[in-house]
Amino acid sequence: MASAFASLPPILQPKEEDIQMMLSAGVHTGTKNSDDAMKEYIWRRRNDGVHILNIGKTWEKLMLAARVIVAIENPEDVVAISARPYGMRAVLKFAHYTGAQSIAGRFTPGTFTNQITKQFREPRLLVVTDPRTDSQAVRESSYVNIPVIAFCDSDSPLQYVDVAIPANNKGKYSIGLLYWLLAREVLRLRGTVSRAADWDVPVDLFFHRDPDELKKADEEQQAKLDDAAAAAAAATTAPVYEEGVVRAPEEVGVVDPAMAAAPMDAAAGFDASAGAAAPAGGFDAGAAAAPAAAGGWEGDAQQAAGSQW
């Protein structure tokens, strides 16, 4: 790999991890069409007709673009533009970490040429995601002599482009990785980030995120939180049963059967005495005997009163 990047100084040569990231993101994948000016950046053509870009030249042009950006004294004089939706997030993150300006979305005609407009700007350098999609900005830059750095696919026009970086400018992972590599190299050349350590900013922040996917992910996360809260509430309200522990009979305190029979006999004796106290004639006979007893009591009372008289 060192021979492929012999034109670069050792400090600027890529690591194996960088090349693996570029290959996994599909930076080398072009289109079925090709522009005549991009022939020198095309390595070969696959059987299905898709052109494969030379990833070694991609890295060399990334290093050249980073050196051009660092040469601008004021970082705010650099403007990164992306009308393609996959590059909007990458452009905003690139501008945030490097101190540049960004134009994400539709480019207003006259931004570089019409001084009456509110969005009038006078940058010294332009970074473009796609020369075909951002053709209005590239054309206006030629009117006011602004150099242009552009990510160019195999079919991209190179008119008014000063530094062409051959790369896949249609995939969201490819665009995000390219801007991440460019921002990292700019910060390294400025001395903000050390080359000995990895950049603490993950490349995922530069990838495009679909609003529908974000909404769906938020709904799934909220559903999980609701299920967890419901499970916690059910666990707090449900009775807690302790696990049964087998103990020895002496620990439990089992009553001796002989001792347990005594209370039963006493209870039986109580019932028997109650049955003996009942009249032999049954309940009706007992009820008839009750008034007799009451009458006898009254007779005794009268006799006692007669004796007093």
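Here, the structure is the one placed above.
Report follows, based on the coordinates. Each chain carries its own residue numbering, running from 1 in the written order of its sequence. The predicted origin of the model limits local features to residues at a pLDDT of at least 70 and limits the giving and counting of side-chain atom pairs to 80 or more, whereas totals for whole chains, interfaces and linings rest on all residues. Only hydrogens and water are set aside when side-chain values are computed; all heavy atoms of the structure are taken into account.

What to know about the layout of surface pockets
Both cavities and pockets are sets of points on a 1 Å grid over the protein atoms alone; in a cavity a 1.4 Å probe fits but cannot get out, in a pocket the set is open with protein on both sides within 12 Å along at least five of seven lines, and lining residues sit with an atom within 4 Å of a point. Grid points are joined across faces, edges and corners, and a volume is the space filled by probe spheres set on the points. Each pocket or cavity is described by its volume, and for the largest pocket that value is around 300 Å³. Lining the largest pocket are 18 residues, and of these Lys-15, Asp-18, Arg-184, Arg-188 and Asp-198 lie nearest its centre. Note on conventions: DSSP H or I runs of at least 4 residues are helices, E runs of at least 2 residues are strands, and numbering of each starts at the N terminus. Contributing elements (two or more residues each) for the lining of the largest pocket: helix 1 (16–24), helix 2 (55–70) and helix 5 (172–190). With four residues, the single largest contributor to the lining of the largest pocket is helix 5. Partitioning the lining of the largest pocket into residue classes produces nine nonpolar, one polar and eight charged. In this count, Pro and Cys sit with the nonpolar residues alongside Ala, Val, Leu, Ile, Met, Phe, Trp and Tyr, while Asp, Glu, Lys and Arg are called charged and the others, Gly among them, polar.

Observations regarding helix 5
Helix span, as expected, comes to 1.5 Å for every residue beyond the first. Here helix 5 spans 27 Å end to end across 19 residues, near enough to the 27 Å set by a 1.5 Å rise per residue. Relative accessibility thresholds used throughout: buried, under 20% of the residue-type maximum; exposed, over 50%; partly exposed, between the two (1.4 Å probe, protein chains only). Taking burial as the measure, the 19 residues of helix 5 include 15 buried ones, the bulk of the element. Directly after helix 5, the chain includes Gly-191, whose backbone phi takes a positive value near 90°.

A word on the pairing of strand 5 (residues 125–128)
Residues of strand 5 alternate between two faces, with Leu-125 and Val-127 on one and Leu-126 and Val-128 on the opposite face, all of them buried. At least two DSSP bridges between two strands are needed for those strands to be called paired. Relative to strand 5, strand 3 (residues 78–82) runs parallel, the two sharing four bridges. Residue pairing in the sheet places Ile-81 in a bridge with Val-128 of strand 5.

Topic: the pattern of salt bridges
A side chain of one charge can pair with a side chain of the opposite charge when the charged atoms of the two come close. Salt bridge, as applied in this entry: a Lys or Arg side-chain nitrogen positioned within 4 Å of an Asp or Glu carboxyl oxygen. This model, assessed by the stated rule, comprises seven salt bridges. We note a salt bridge from Arg-184 to Asp-18, for which the minimum N-O separation is 3.3 Å. Of the two residues, Arg-184 sits in helix 5 while Asp-18 sits in helix 1, which places them 166 residues apart along the sequence. Among the residues examined, Arg-184 registers a relative accessible area of 6% and is labelled buried. Sharing partners across several salt bridges, the network here consists of Asp-153, Asp-155 and Lys-170.

Quick look at the packing of aromatic side chains
Any Phe, Tyr or Trp ring, taking Trp's six-membered ring, that has another such ring centre within 6.5 Å forms a pair; planes under 30 degrees apart are called stacked, those over 60 apart edge-to-face, and the others tilted. Tallied over the full model, the rule gives eight aromatic pairs. Aromatic side chains Tyr-97 and Trp-199 sit 5.6 Å apart centroid to centroid with 80° between the ring planes, which places their arrangement in the edge-to-face category. Of this pair, Tyr-97 sits in helix 3 (residues 85–98) while Trp-199 sits in the loop between helix 5 and helix 6 (211–237), and the two are 102 residues apart along the sequence. In this structure Trp-199 comes out as buried when scored by relative accessible area, which is 10%. Distance and angle both matter: a charge sits over a ring if NZ of Lys or CZ of Arg is within 6 Å of the ring centre and within 35 degrees of the ring normal. A cation over an aromatic ring shows up here: Arg-44 above the ring of Trp-43, its NZ or CZ 3.9 Å from the ring centre.

Remarks on helix 4 (residues 135–143)
Considered for burial, the residues of helix 4 that qualify are Ala-137, Val-138, Glu-140 and Ser-141. Down the axis of helix 4, the buried side of the element spans an arc of 165°, and every buried residue falls inside it. Buried residues belonging to helix 4 abut strand 3, strand 5 and strand 6 (148–152). Following helix 4 by one or two positions, Asn-145 has its phi on the positive side, about 60°. Taking the helix axis as origin, the arc is that swept by the directions to the C-beta atoms. Whether two residues touch is decided by their heavy atoms; if any such pair falls within 4.5 Å, the residues are in contact.

Observations regarding the nonpolar core
The biggest cluster of nonpolar side chains holds 43 residues, and the ones touching the most others in it are Leu-62, Ile-69, Tyr-179, Leu-182 and Phe-206. Counting residues per element, the ones that place at least two in this core are helix 1, helix 2, strand 3, helix 3, strand 5, strand 6, strand 7 (163–166) and helix 5. In terms of residue count, helix 5 provides more of this core than any other element does, ten residues in total. If we skip the residues at most four places from it in the chain, Tyr-179 touches Ile-81, Ala-90, Val-91, Phe-94, Val-127, Val-128, Thr-129, Phe-151 and Phe-206. Grouping buried Ala, Val, Leu, Ile, Met, Phe, Trp, Tyr and Cys residues that are joined through side-chain atoms within 4.5 Å yields what is termed a nonpolar core.

Let's talk about the side chain of Glu-140
Mapping Glu-140 onto the fold places it in helix 4. Only four residue types enter the charge count, namely Lys and Arg as positive and Asp and Glu as negative; His and the chain termini do not. For Glu-140, which is buried and forms no salt bridge, the nearest opposite charge comes from Arg-139, at a distance of 7.4 Å. Among the polar contacts made by the side chain of Glu-140, one reaches the main-chain amide nitrogen of Gly-110 at a distance of 2.5 Å. For Glu-140, the residues in contact, after removing those within four places along its chain, are Phe-107, Thr-108, Pro-109, Gly-110, Thr-111, Phe-112 and Thr-113. Think of a polar contact as two N or O atoms within 3.5 Å of one another; within protein, one of them needs to be a possible hydrogen donor and the other a possible acceptor, and neighboring residues in sequence only count if both atoms come from side chains.

Topic: the sheet that holds strand 3
The sheet built from five strands is open, its strands ordered 4-3-5-6-7 with parallel pairing. The strands lining the two open edges of the sheet, one partner per strand, are strand 4 (101–104) and strand 7. Across the sheet, the axes of successive neighbouring strands diverge by a mean angle of 15°, strand direction being ignored. Running over the sheet, helix 2 touches strand 3, strand 5, strand 6 and strand 7 and is turned about 145° from strand 7. Note on definitions: angles span 0 to 180 degrees between N-to-C directions of axes, and those axes are lines fitted to C-alpha atoms, for helices only across the stretch in contact.

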